[in-house]
Amino acid sequence: MSGRIVHIAFNTFREAVRDRVLYNLIAFALLLSGAAIFVGQISIEIERLVVVNLGLTAVSLFGVVIAIFIGIGLVSKEIEKRTLYTVLSRPVRRWEFIVGKFFGLAGTLVVNTFFMAIGVFGALLYVAHKFSGPDSLIFVALYFIVLQFLIICSLALLFSSFSSPLLSAVFAFSLFVIGSFADDLRGFATLTSGITRWIATGAAYLVPNFSALNIVSAVAHQQPIAGQLVLQNTLYALFYTAMALSGAVLIFERRNLK
Amino acid sequence: MNARLRTTIVAATCLIVSLNASIILLRNIDRIRPGEIAEDELYINSPKMVKRASLGFDGLMACIYWTRAVQYFGHRHYQREYSYNELAPLLEITTALDPQLMPAYHFGASFLAPAPPNGAGQPDRAIRLMEYGIQQNPDNWRLYYDLGFVYYTELRDFKKAGEVFARGSRVPNAHPFLKVLAADMAEHAQDFSTARLLWSAAYESSQDTNIRQNAVEHLRAIQVEEDVTNLQNAVSRFVERNGRIPTSLWEVASAEHLRGVPVDPDGIPYELSIDGQVLVANPDNFPFITKGTPPGYKPGMPTFHTKR
């Protein structure tokens, strides 16, 4: 069982690499090195802040875009090319296919993030000339970004399991935007009453809370991150991902592929 | 030459020619409508709106807005403009996006508070910015120092300046000179020695080259203003004693038993106008002086010195 998931995951990763997904690393490197060199010339006293903010924001945005645009095609492309039938005609369960695809995409994003992290630390070394203790907090921010990717991958797969690629992209991106406003949505819920309050509160808890996973500003200012936050965010991301993947499996199991 | 190679060459040539033509045309269009590009316009001026639109990437947006503020101020300052309408909103958006972005407060106050063309001439907005900064970072003593500085240098409100320095001196790890400044504001606020102490503190407490250069210029200006004040008093005494305006500062120096005509911080002797006003030989070398300049003098671009 696990061997089959690993095979599907590895093939998904290989397919993403063949699709030249990792080419975004070139754009990322140019962006960071350009920022590291030029910002010092056109602004005042924010070279380090820009490298950390821009680096982590770019890692996050590049990853979100990759997660959405690859995730939405993972199932539909296999159906369109009819390769799904070849896979499912073998002793592979549908849920294994979904979970394998998820791990393949997540693995692609982790490798991508790893190379980008090298870029961020390289640029930081260029502007600051040395690393300091609080710079290790960047690892925590990167870890939270990877947790975001897991959630988005699972959501993209969920939408991909029942919708067209275009609509899946719209749904996934909309959820990313709404998830960034999750705290505001909760604030709005407290201002309302009655049924509206119930609906708003329900929506606020149903959408993924990306603002809780965003600690870029705090890390840029070298503020400490509580161990409890790391633990709770990890559990939150894992449960949310499991929820979305379960939804994807439930839908895909019942989907008529004829 | 095969057909494929020919197509490649033609397409590549076409691409290069079109690219160059579009650049040349765009430059021509810019010349036809000058000023359109550097429009003094801020399309979204609500800090809350910008924060929401940043989708959680507010740290990066703050860096972008801070860079915009620096560029906006730098461009207008270089052009010797007198209006800086968008500076305060840019700084308010920057600090709303990232309330811990200290350069936006330190430099923002010194961009906003001084009278044009050295600044925006908006000390009230500078005070609001600094009070917001203190509210967000109550343990940062430098913010109290910068706020007191605005009250002292721009509003000449020594009571308020003293209060702010005293507030700052109570912050944990505050620099000891805040206590000295708070005491000086009460008794010797208008003395040159107090101004010198303030700018010396600014010089000593910062590692930033721009802040230190600015402090050096102000210290040089204080020296000139003190010299001009003393010399002008000497000229008045000469007029009282002799009933006429002295013909030169040599005459004043010998009447006052000085060793020679005093010199400015660049080593150039001060001059005397025919109506008895003490003047600096090269006022452009002292961008922040308010005394010793000829009537109708308009300051040029400041030239910064690195040594005190």
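A. Examining the overall build of chain A more closely. Each helix and strand counted, chain A has 12 helices and 0 strands in total. Along chain A, helices and strands appear, N-terminal first, in the series α-α-α-α-α-α-α-α-α-α-α-α. The C-alpha atoms of chain A give 20 Å as radius of gyration, which agrees with the globular expectation for 258 residues (18 Å, within 12%). Referenced to the eigenvectors of the C-alpha coordinate spread, the extents of chain A come out at roughly 60 × 55 × 30 Å. Relative to all contacts within chain A whose residues are 6 or more apart in sequence, the contacts with residues 24 or more apart total 83%.

B. Structural detail: the overall build of chain B. Broken down by element type, chain B carries 12 helices and 2 strands. When the helices and strands of chain B are placed in sequence order, the string is α-α-α-α-α-α-α-α-α-α-α-α-β-β. The globule rule puts the C-alpha radius of gyration for 308 residues at 19 Å, and the 26 Å found for chain B is more than 25% above it. Overall, the C-alpha framework of chain B stretches about 100 × 50 × 30 Å when taken along its three principal axes. Burial statistics for chain B: of 308 residues in total, 35% are counted as buried.

C. Region of the structure containing the packing of helix H3 (residues 47-71) of chain A against helix H3 (residues 58-78) of chain B. Here H3(A) crosses H3(B) at 135°, and the two axes come no closer than 8 Å. Here H3(B) runs oblique to H3(A), going by the angle between their axes. The two elements H3(A) and H3(B) meet at a crossing, and its hand is left-handed. Contacts between H3(A) and H3(B) involve Leu49(A), Val50(A), Asn53(A), Leu54(A) and Thr57(A) from the former and Gly59(B), Leu60(B) and Cys63(B) from the latter.

D. Geometry of the nonpolar core. Among the nonpolar cores identified, the biggest contains 151 residues, and Ala67(A), Ile152(A), Cys153(A) and Leu87(B) are the most heavily contacted of them. For Ala67(A), the contacting residues outside a window of four places in its chain are Leu105(A), Leu109(A), Phe149(A), Ile152(A), Cys153(A) and Ala156(A).

E. Main features of unusual backbone geometry. Residue and element names in this part refer to chain B. Positive phi is not limited to glycine here, since leucine 55 has a value of about 55°. Overall, leucine 55 belongs to the buried group, with 20 C-beta atoms counted inside 10 Å. Phi at arginine 156 takes a positive value of approximately 55°, unusual for a residue other than glycine. Mapped onto the fold, arginine 156 is located in the loop between helix H7 (141-153) and helix H8 (158-169). By C-beta crowding, arginine 156 is classed as exposed, having 11 other C-beta atoms within 10 Å.

F. Representation of the interface of chain A and chain B in the model. The interface is formed by 20 residues belonging to chain A together with 17 residues belonging to chain B. Put simply, the parts of the chain that give the side of chain A that touches chain B at least two residues each are helix H2 (24-42), H3, helix H8 (165-180) and helix H11 (216-220) of chain A. Ranked by residue count, the leading element in the side of chain A that touches chain B is H3(A), at 5 residues. The class makeup of the residues in the side of chain A that touches chain B is 11 nonpolar, 8 polar and 1 charged.

G. Representation of the packing of H7(B) against H8(B) in the model. Residues and elements named next belong to chain B. Packing of H7 against H8 leaves a shortest axis separation of 8 Å and a crossing angle of 175°. Between H7 and H8, the angle falls in the class roughly antiparallel. Here Trp141, Tyr144, Tyr145, Leu147, Gly148, Tyr151 and Tyr152 of H7 come into contact with H8, specifically with Phe158, Lys160, Ala161, Val164, Phe165, Arg167 and Gly168. Here the contact of H7 with H8 is built from residues that sort into 10 nonpolar, 2 polar and 2 charged.

H. Focus on helix H10 (residues 194-206) of chain A. Given a rise of 1.5 Å per residue, 13 residues ought to cover 18 Å, and the 19 Å separating the end C-alpha atoms of H10(A) matches this to within 8%. Taking burial as the measure, the 13 residues of H10(A) include 1 buried ones, a minor fraction of the element.

I. Spatial organisation of the environment of Phe252(A). Residue and element names in this part refer to chain A. Along the chain, the position of phenylalanine 252 falls in helix H12 (residues 227-254). Judged by C-beta crowding, with 20 C-beta atoms within 10 Å, phenylalanine 252 ranks as buried. Among residues more than four places away in sequence, those in contact with phenylalanine 252 are Val75, Arg94, Ile98 and Ser161.

J. Main features of helix H4 (residues 73-80) of chain A. All names here are of chain A. Burial in H4 covers these residues: Leu74, Val75 and Glu78. Here the buried residues of H4 occupy an arc of 95° about the axis, which is enough to place them on one side. Buried residues along H4 sit in contact with helix H1 (2-18), H3, helix H5 (83-88), helix H6 (94-128), helix H7 (137-160) and H12. Looking one or two residues beyond H4, the residue adopting positive phi is arginine 82, at roughly 65°.

K. View of the confidence of the model for chain B. Taken over all residues, the pLDDT of chain B has a mean of 83, while the share at 70 or more is 91%. Element-level pLDDT for chain B is lowest in helix H9 (residues 177-187) of chain B, with a mean of 76, against a maximum mean of 94 in helix H6 (residues 123-136) of chain B.

L. Representation of the environment of Ile222(B) in the model. All names here are of chain B. Within the secondary structure, isoleucine 222 is located in helix H11 (residues 209-242). Exposure remark for isoleucine 222: the 22 C-beta atoms within 10 Å place this residue in the buried category. In the structure, isoleucine 222 is positioned 190 residues away from isoleucine 32 in sequence and 46 Å away in space, judged by C-alpha atoms. Discounting chain neighbours no more than four positions away, the residues touching isoleucine 222 are Phe192, Ala195, Arg196 and Trp199.

M. Just the environment of Ala16(A), in detail. All names here are of chain A. If you trace the backbone, alanine 16 turns up in helix H1. Along the backbone, alanine 16 and leucine 105 are 89 residues apart, and their C-alpha atoms lie at a distance of 7.8 Å. Excluding anything up to four places from it in sequence, alanine 16 contacts Val21, Ile70 and Thr108.

What counts as what
Residues numbered from 1 in each chain as written. Chains lettered and ligands numbered in written order. Predicted model: local features only at pLDDT ≥ 70, side-chain atom pairs only at ≥ 80, totals over all residues. Helix = DSSP H or I, 4+ residues; strand = E, 2+ residues; numbered from the N terminus. Rg over C-alpha atoms; globule rule 2.2 N^0.38 Å. Contact = placed C-beta atoms within 7 Å. Buried ≥ 20, exposed ≤ 12 C-beta atoms within 10 Å, placed from the backbone. Axes fitted to C-alpha atoms, helices over the stretch in contact; angles between N-to-C directions. Parallel < 35°, antiparallel > 145°, perpendicular 65-115°, else oblique. Left-handed = near helix turned anticlockwise from the far one by under 90°. Core = buried A, V, L, I, M, F, W, Y, C linked by C-beta atoms within 7 Å. Nonpolar A, V, L, I, M, F, W, Y, C, P; charged D, E, K, R; others polar. Expected span 1.5 Å × (residues − 1). Arc of directions from axis to C-beta. pLDDT = per-residue confidence, 0-100.

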